[in-house]
Amino acid sequence: MQAYSSEQDNGESVESMDAEQAETVSDEKASDKSPSSSSSSSSNSIGGGSQAATPSPAKKKQVSEMDTMKERFAKLLLGEDMSGAGKGVSSALALSNALTNLAASVFGEQWKLEPMSEERKARWRREVAWLMCVTDYIVEFVASEQKGKDGTNMEIMVTQQRKDLLMNIPALRKLDAMLLSTLDNFKNEQEYWYVSRDAEESEKGVQRGDKWWLPTIKVPSNGLSEDSRLFMQKQKDEVIQVLKASMAINAQILSDMNVPETYMETLPKNGKSCLGDSIYKSITDEVFDPQQFLSTLDLSSENKVIDIKNRIEASIVIWKRKMNHKEAKPSWGFTVSAEKREMFEERLETILLLLKHQFPGLPQSSLDITKIQYNKDVGQAILESYSRVLETLANTVMSRIDDVLYADSAATSPTENKVPSAGDEPAEKMSCATNTPTSRTLLDFMGWGVEPHEAQVK
């Protein structure tokens, strides 16, 4: 009985201990849900809500970039027709316009010879990469050797980026990087500075031509130092090489584009009527000198240069079409052989190249505009627009360098310098393109140049 009672007491004590432990555990659980815990949870919820309401700057930037990318590609898919009615342009033209508009917004205000801001530079690289990513999916089948499991070699067809894109896109990216690097080289230049057009007359510098929208340039009274002149000339030579390369790529892509039928319908039947008697006679002479021929043309204004370019291109298209269609009446007459006919067309094409070289900032011709407008090849559209905007940027940088060199020349010999008028602009561009001391002319680039002693004789 005593033992049983002690066991009973022990059981009651065990039960009471279990009850106390249960109460302790319940109290601990209740303490976990105490006001401090609830306040911490509420503070967490409040903190989470505040984070959602005010995201970090990096998150904001990522969201902004994503929205911009969505907007860009939405416009491309809609063909720039935001109504969605299907009246938009082709994908090729939409991509071409997108690259052109991007370059205009990024480089449109490159009024000074100075590095681009990091924000503009990052935007240019980022959005160009977006538009260029389309070319990764323009492929062609090529043969490739592969070794089988049994060790035998077999030839299979694999996909590879189209040949023209594979060759030209890396080259264009390299030219792009060279131009941005050239602008970065002017970061620590202290020997020239810019003055606003609104400044007082005594504080103003000089500017070539009637470029009222550009700031004037001031240099020290004795001009730039010799090291600075050599540096400026070196940078100009590098930009000229970029300009030549981008012009060559652009000309090649445009020549590969098909001539639209809408352009053909506007042409006369006779190519001679496009050229005129004087140009036609000069082209068909036995002895032909391209530079001498250009000296006889009236290139005093931009409109006249464009008119000559349009007439020459129209004549080339007419004669090539007649040769390809093998019409009964040859384009150059019955007495002209096929070899001479090709020689005459080659002469006209040489004149076109020289005009583009001497007037790098020249607007596009009617044929070029029509080709771009009616082109359906997306790869060609990207290559043409990318090379064109790089050509324009290179010409802009070269012009800004010339502005500084002109201010230096005006400071050292003010009586020998005359500020050219707006009508002298084409002649100014010609002299800038052809009289660079260390750069070759286009005839030299094509292998048609004369020896130095022959040039001196001339």
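As annotated in an unreviewed UniProt entry, the protein chain carries the name Rho guanine nucleotide exchange factor 8 and is attributed to Salvia divinorum.

**Student:** What should I look at first to understand the pairing of strand E1 (residues 139-147) in this one?
**Tutor:** Within a regular strand, side chains alternate between the sheet's two faces. Where E1 meets strand E2 (residues 153-161), nine bridges bridge the pair, whose relative direction is antiparallel. Paired with valine 139 across the strands is glutamine 161, a residue of E2. Counted along the chain from E1 to the antiparallel partner E2, the turn is five residues long, and its residue glycine 151 has a positive phi close to 90°.

**Student:** Is there a simple way to explain the pattern of salt bridges in this structure?
**Tutor:** Pairing is possible between side chains that carry opposite charge, provided their charged atoms lie close to one another. Scanning the entire structure with this criterion turns up 17 salt bridges. Of the charged contacts, one joins aspartate 402 and lysine 236 as a salt bridge, the two residues approaching to 2.7 Å between their closest N and O atoms. Within this pair, whereas aspartate 402 is found in helix H15 (residues 378-412), its partner lysine 236 is found in helix H7 (residues 226-256), the two being separated by 166 residues in sequence. Per residue, the accessibility class of aspartate 402 equals that of lysine 236, and both read buried. Note that arginine 400 and aspartate 403 form a salt bridge whose closest N and O atoms lie 3.9 Å from each other. Of this pair, arginine 400 and aspartate 403 both sit in helix H15, three residues apart, which is roughly one turn of the helix. Judged by its relative accessible area of 2%, aspartate 403 is buried.

**Student:** Just to check I follow, could you spell out the environment of glutamine 161 for this structure?
**Tutor:** In this fold, glutamine 161 is placed in strand E2. Each C-alpha atom of the pair glutamine 161 and threonine 135 lies 7.6 Å from the other, and the pair is 26 residues apart in sequence. In this structure glutamine 161 touches Thr135, Asp136, Ile138, Val139, Glu140, Leu166 and Ile169, once residues within four positions along its chain are discounted. A distance of 3.0 Å separates the side chain of glutamine 161 from the backbone oxygen of threonine 135, its partner in a polar contact.

**Student:** Just checking my understanding: could you explain the packing of aromatic side chains for this structure?
**Tutor:** Geometry of an aromatic ring pair is reported as the spacing of the ring centres plus the angle between the planes. Using the criterion set out here, one finds five aromatic pairs in the structure. Seen in terms of ring centroids, phenylalanine 288 and phenylalanine 293 are 5.8 Å apart; in terms of plane orientation they differ by 50°. Their pairing is tilted. Taken as a pair, phenylalanine 288 and phenylalanine 293 share a single burial class, namely buried.

**Student:** Quick question: what am I supposed to make of a nonpolar patch on the surface here?
**Tutor:** On the surface, Trp111, Trp212 and Trp213 cluster together to form a nonpolar patch covering roughly 390 Å² of accessible area. Accessibility expressed as a relative area gives 36% for tryptophan 111, which makes it partly exposed.

**Student:** Just checking my understanding: could you explain the nonpolar core for this structure?
**Tutor:** Nonpolar side chains in soluble globular proteins tend to end up buried together. By size, the foremost hydrophobic cluster in this structure holds 54 residues, and its most contacted members are Leu113, Trp124, Tyr192, Met232 and Tyr386. Secondary-structure elements contributing two or more residues to this core are helix H4 (91-107), helix H5 (118-132), helix H6 (163-184), H7 and H15. In terms of residue count, H15 provides more of this core than any other element does, 13 residues in total. Listed in part, the 31 residues of the second largest apolar core include Leu294, Leu299, Ala314 and Ile316.

**Student:** Sorry if this is basic, but what is going on with the side chain of arginine 388 here?
**Tutor:** Here arginine 388 is to be found in helix H15. A polar side-chain atom of arginine 388 sits 3.4 Å from a polar atom in the side chain of serine 96. Residue contacts for arginine 388: discarding those within four places in its chain leaves Ser96, Thr100, Asn250, Gln364 and Ile372.

**Student:** It is not clear to me how unusual backbone geometry should be interpreted in this structure. Could you clarify?
**Tutor:** Among all residues except glycine, the phi angle is most often negative; among peptide bonds, the trans geometry is most common. Positive phi outside glycine occurs at glutamate 80, with the angle close to 65°. Here glutamate 80 shows up in the loop between helix H3 (57-77) and H4. Of the residues examined, glutamate 80 reaches a relative accessible area of 37% and is grouped as partly exposed.

**Student:** How should the packing of H4 against H15 be read in this particular structure?
**Tutor:** The relative placement of two packed helices is expressed as an angle between their axes plus a distance between the axes. Packing of H4 against H15 leaves a shortest axis separation of 8 Å and a crossing angle of 20°. The orientation of H4 with respect to H15, classified from their angle, is roughly parallel. The crossing of H4 and H15 is right-handed. Each of Ser91, Ala92, Leu95, Ser96, Leu99, Thr100, Ala103 and Phe107 in H4 lies in contact with H15, whose residues at this interface are Val378, Ala381, Ile382, Glu384, Ser385, Tyr386, Arg388, Val389 and Leu393. Looking at side-chain class alone, the contact of H4 with H15 contains 11 nonpolar, four polar and two charged residues.

**Student:** What is the right way to look at the confidence of the model for the protein chain in this model?
**Tutor:** When pLDDT is averaged along the protein chain, the result is 78, and 76% of the positions lie at 70 or above. Mean pLDDT across the secondary structure elements of the protein chain bottoms out at helix H17 (residues 442-445), with 36, and peaks at H6, with 96. Here residues 1-26 is a poorly scored stretch, pLDDT under 50, and it has zero contacts once near neighbours within four places are set aside; other chains count. Within the model, pLDDT remains below 50 along residues 418-458, and this stretch shows 62 contacts once partners closer than five positions in the same chain are excluded.

**Student:** So what exactly am I meant to see when it comes to the environment of lysine 112 here?
**Tutor:** Note on placement: lysine 112 falls in the loop between H4 and H5. By relative accessible area, which is 32% here, lysine 112 ends up partly exposed. Here the alpha-carbon distance between lysine 112 and leucine 214, two residues 102 residues apart in the chain, equals 8.1 Å. Setting aside anything within four residues of it in sequence, one finds lysine 112 in contact with Tyr194, Pro215 and Arg400.

**Student:** When you look at the packing of H5 against H15 in this model, what are you seeing that I'm missing?
**Tutor:** Taken N-terminus to C-terminus, the directions of H5 and H15 make an angle of 160°; their axes are 11 Å apart at the nearest point. Relative to H15, the element H5 is oriented roughly antiparallel. The element H5 and its partner H15 pack so that their crossing is left-handed. Between H5, through Trp124, Val128, Leu131 and Met132, and H15, the contact on the second element is made entirely by Ile382, Tyr386 and Val389. In the contact of H5 with H15, the residues fall into seven nonpolar, no polar and no charged.

So, how was this worked out
Residues numbered from 1 in each chain as written. Predicted model: local features only at pLDDT ≥ 70, side-chain atom pairs only at ≥ 80, totals over all residues. Heavy atoms only, no water. Pairing = 2+ DSSP bridges. Helix = DSSP H or I, 4+ residues; strand = E, 2+ residues; numbered from the N terminus. Salt bridge = Lys/Arg side-chain N within 4 Å of Asp/Glu carboxyl O. Buried < 20%, exposed > 50% of the residue type's maximum accessible area, 1.4 Å probe, protein only. Contact = heavy atoms within 4.5 Å. Polar contact = N/O pair within 3.5 Å; in protein donor to acceptor, adjacent residues only side chain to side chain. Phe/Tyr/Trp six-rings, centres within 6.5 Å; stacked < 30°, edge-to-face > 60°. Patch = residues over 30% accessible without salt bridge, like charges linked within 9 Å, V, L, I, M, F, W, Y side chains within 5 Å. Areas by Shrake-Rupley, 256 points an atom, 1.4 Å probe, with all protein chains shown as cover. Core = buried A, V, L, I, M, F, W, Y, C linked by side-chain atoms within 4.5 Å. Axes fitted to C-alpha atoms, helices over the stretch in contact; angles between N-to-C directions. Parallel < 35°, antiparallel > 145°, perpendicular 65-115°, else oblique. Left-handed = near helix turned anticlockwise from the far one by under 90°. Nonpolar A, V, L, I, M, F, W, Y, C, P; charged D, E, K, R; others polar. pLDDT = per-residue confidence, 0-100.

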